[in-house]
Amino acid sequence: MGDFLELVVSASATGCIYALVALAYLLIIRPTGVINFAVGEWAMLAGFGGFVFLFTLNLPYALGMAVVVALMALVGWVTERLTVRPLVEKGAPPLAPILALLGMLVVFREVVSLGFGPDPQPVPPALGHGRLELGPVAGSYQSFFIIAVTLAVFAAAWAFFERTLAGKTFEAVAIDRRAAALMGINLSRVTSLAFAAGATVAGLAGVLVAPNVSAHWMMGLPLAIQGFTALVIGGVGRVEGALLGGLILAFAEQFTVRYAPVPPGLAMGVPLVLLIVFLLVRPTGLLRAREART
Amino acid sequence: MTRRLLSMLKLALAGMLVAAATATTAQEPIRLGLITDRVGPAKPYADPVTQGAVYAVRELNAKGGLLGRRVELLIEDDQGRPDISATAARKLVDANVAFILSVSLTPATLQAQSVTKETRTPHMTPSNSGDTLTTAIDNPNFWQTGPLGSTQIATLLSYAREKKFQRVALVTDNSDLGQLTNRFFKAALEKANIQIVAEEVVPRGSTTADPQMQKVRAANPEALFMTGVLTPENTLILRSVRQLGLRVPVLGNYNMSVPQYTQVARGLLDGIVFVDAFDPAKPEVKAFVEGFRKEMGAEPYNLNGYGYDGVMLVADAIRRAGSTDKDKVREAMQATRGFVGVMGAVGSSYGFADGRRTGFDPNGMVVRVYEGDQQGRVVHVGAR
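All figures in this text were calculated on a predicted structure; none of them were measured in a lab. (Residues numbered from 1 in each chain as written. Chains lettered and ligands numbered in written order. Predicted model: local features only at pLDDT ≥ 70, side-chain atom pairs only at ≥ 80, totals over all residues. Heavy atoms only, no water.)

**Concerning unusual backbone geometry**
Most of the time, phi is negative for any residue but glycine, and the peptide bond is trans. Residue and element names in this part refer to chain B. Quick note on the threshold: A helix here means a DSSP run of H or I that spans at least four residues, while a strand means a run of E at least two residues long, and both kinds are numbered starting from the N terminus. Partly exposed residues are those whose accessible area sits between 20% and 50% of the maximum for their type, while under 20% is buried and over 50% is exposed, using a 1.4 Å probe and protein chains only.
Residues other than glycine seldom take positive phi values, yet Leu67 does so here, at roughly 50°. Here Leu67 is to be found in the loop between α2 (43-62) and β2 (71-77). Judged by its relative accessible area of 35%, Leu67 falls in the partly exposed class.

In structure tokens, the structure reads:
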């Protein structure tokens, strides 16, 4: 039982990281239709941001985190300005921005590998590397911190979409770009915001996971793949879907490794089987988008 | 008239060219080629090995070069890819190098051999550990001077025998080299009649190793062998070992000797033993550390030593050959005996006895222990 609850905490923390990456995809896909596989590299950039500001410069955690998050918003905004907007303005086909962003993935990764070298770098955790035991429920400080921050981010995202006018403009653009533009919604502003928000959320995932995995130039791609799988499971329609998808994926991964009687090398195939099953059986994911309200 | 002038001009030009050519031959440098991986999966290893080679060439030139000629190092990047590695080897042969050093991935080095075999160009790797590199292709122009994978396994097992471990757990990653290392360790453990009570894989890109380490904890082994080679994933394993309160001796493979662990796994390392080929107490190492620090402005470590030893072994062979003639250099290299380098335990040396082309002393590796977060003393030597 102790093992089980310990693993619940660990899987929840991992699931929250996947959920944040899935949310980063979702924030961009919803209003623009662009799948941005560079979200993993954004997480990696933020991981190195954590190394620079929290380890090398040794800023207080809250301040360092704020600096990294602000820089990530800037990175997202600039990425959109430089790669997506010129293509959209020239009337390029919808696939073009996706390919351009794949190119940016390589650019981000190689810039980091040249700038920081191939070795992994340390990033300090928020509250130290200790272990918290609440009765039978036990886990690292960082696991609980990841869960808390993720829930806060999802609550904020939910409130934004459901309770604010700006959020409603996102929703409107997601439902029908042309109609939204005709209603006077500034499409380019929504797109800019979507990329800035996506990079911020991906960056948070990076800073949160880096104390465990350390910041290294190869850390982005696995996160991008896991986040995408979580998104497919949960569905792109609603923000809760990203959280649900991330948790389901992480639980499937970790409980298979721990309890399923499969050889160790095969356990890592289980999430991919899950992805295939969802794509076949329920390609829209578990949670569907709400119908347009009248 | 014009025609005569033209032919005279041609003659003069030809003469000048000949003169220029002889002048350059007189002081033409000895070129060494190096094939490294600057962007691929071997980069974390290949970069520091290359640095060591660069330093060795600088040291040679500072001491007057080789056979009175300056030494020049031509570096090619193969991205860890076998096809590009062979092309790079071809390019270096065309540049008339006296020797090629490969420090990229093992498969890339294997493919580059197809070129050096055909062109009879002396070729060696100072750092690849694949056991079959000198036997897969019958290439008399190729040597391997780093410790073999089997040597590191034998050394760590000899330590485990000394400690009388009976029930052990294995944990690795899903990289090619990690899987290979794990397979060799497993075979050797089974041969030594040591029971494997758990075998786990922490795949690349994991964010935790908790489920795997829970299984290890449940299996209650007497020791945990880490056979993976990915530093971030190994750090995850160590973090879980600490988090889940496993009180078990941890034995690390060669990857655990990478000094980056003292940065990313701070606080998790004390007491972990690991295989290494670098003994800080050896006089050659002390001289190397001092010289490298002065010349390159950085603290050297074991991987730098491989590149350094590689170039120095090549220089020694060329010196004894007295020329860069490929056949003479090959004979001289094969005749290497008792060459003491930076790498290897005190008392060990490089040499190619009995026609073998693997030069590292099978008893030249050591087992060291982390003391606090520092790579500490040698606790075991050799594979006996």
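**Topic: the interface of chain B and chain A**
The test is simple: By definition in these notes, contact holds between two residues if any of their heavy atoms fall within 4.5 Å. Take the accessible area each of two parts loses on contact, using a 1.4 Å probe, and add the two losses: that sum is the buried area. Here, a salt bridge means any Lys or Arg side-chain nitrogen found within 4 Å of an Asp or Glu carboxyl oxygen. In the scheme used here, Gly and all other residues not listed as nonpolar or charged are polar, with Ala, Val, Leu, Ile, Met, Phe, Trp, Tyr, Cys and Pro taken as nonpolar and Asp, Glu, Lys and Arg as charged.
Across the contact, 32 residues belong to chain B and 35 residues belong to chain A. Between chain B and chain A, a total of about 2900 Å² is buried, with carbon and sulfur atoms accounting for 57% of that surface. In terms of surface lost to chain A, no three residues of chain B exceed B:Thr207, B:Gln214 and B:Gln243, which account for 22% of the buried area on that side. At the boundary of chain B and chain A, one finds two salt bridges. Breaking the side of chain B that touches chain A down by element, the ones donating at least two residues are α2, β7 (195-201), α7 (210-219), α8 (231-243) and α9 (261-264) of chain B. Grouping the constituent residues of the side of chain B that touches chain A by class yields ten nonpolar, twelve polar and ten charged.

**What to know about the side chain of B:His380**
All names here are of chain B. To keep things clear, this is the line we draw: Throughout this description, a polar contact denotes any pair of N or O atoms lying within 3.5 Å of each other; where both atoms belong to protein, one of them has to be capable of donating a hydrogen while the other can accept it, and for residues adjacent in sequence the pair is counted only when both atoms sit in side chains.
Secondary-structure assignment places His380 in strand β12 (residues 374-381). Judged by its relative accessible area of 8%, His380 falls in the buried class. A polar atom in the side chain of His380 sits 2.4 Å from the side chain of Ser158.

**Some details on the sheet that holds β7(B)**
Residue and element names in this part refer to chain B. Condition: The pairing criterion for strands is at least two bridges between them, as found by DSSP. The convention used is that axes are lines fitted to C-alpha atoms, helices contributing only their stretch in contact, and that angles between N-to-C directions extend from 0 to 180 degrees.
If you trace the seven strands from one edge of the open sheet to the other, you get β7-β6-β8-β9-β10-β11-β12, paired in mixed fashion. Strands at the two margins of the open sheet, each flanked by one partner only, are β7 and β12. Neighbour-to-neighbour, the strand axes of this sheet turn through a mean angle of 25°, independent of strand direction. Pairing of strand β11 (residues 366-371) with β12, which is carried by five bridges, proceeds in the antiparallel orientation. Residue pairing in the sheet places Arg368 in a bridge with Val378 of β12.

**Some points on the nonpolar core**
To keep things clear, this is the line we draw: What makes a nonpolar core is a set of buried Ala, Val, Leu, Ile, Met, Phe, Trp, Tyr and Cys residues whose side-chain atoms join them at distances within 4.5 Å.
If you look at the biggest cluster of nonpolar residues, it comprises 106 residues, and the most contacted ones within it are A:Leu23, A:Trp42, B:Met213, B:Leu224, B:Leu238 and B:Met256. In terms of residue count, the dominant contributor to this core is helix α1 (residues 2-32) of chain A (15 residues). Those residues in contact with B:Met213 that lie beyond four places of it in its chain are B:Val171, B:Leu224, B:Ile237, B:Ser240, B:Val241, B:Leu244 and B:Leu246.

**Re the confidence of the model for chain B**
Residues and elements named next belong to chain B. The following threshold applies: Known as pLDDT, the predictor's per-residue confidence is scaled from 0 to 100.
When pLDDT is averaged along chain B, the result is 90; 93% of the residues meet or exceed 70. Across chain B, strand β1 (residues 30-36) holds the top mean pLDDT of 97, while helix α1 (residues 2-27) sits lowest at 53. The ipTM, which scores confidence in the relative placement of chains, is 0.88 for this predicted complex, and the corresponding pTM is 0.83.

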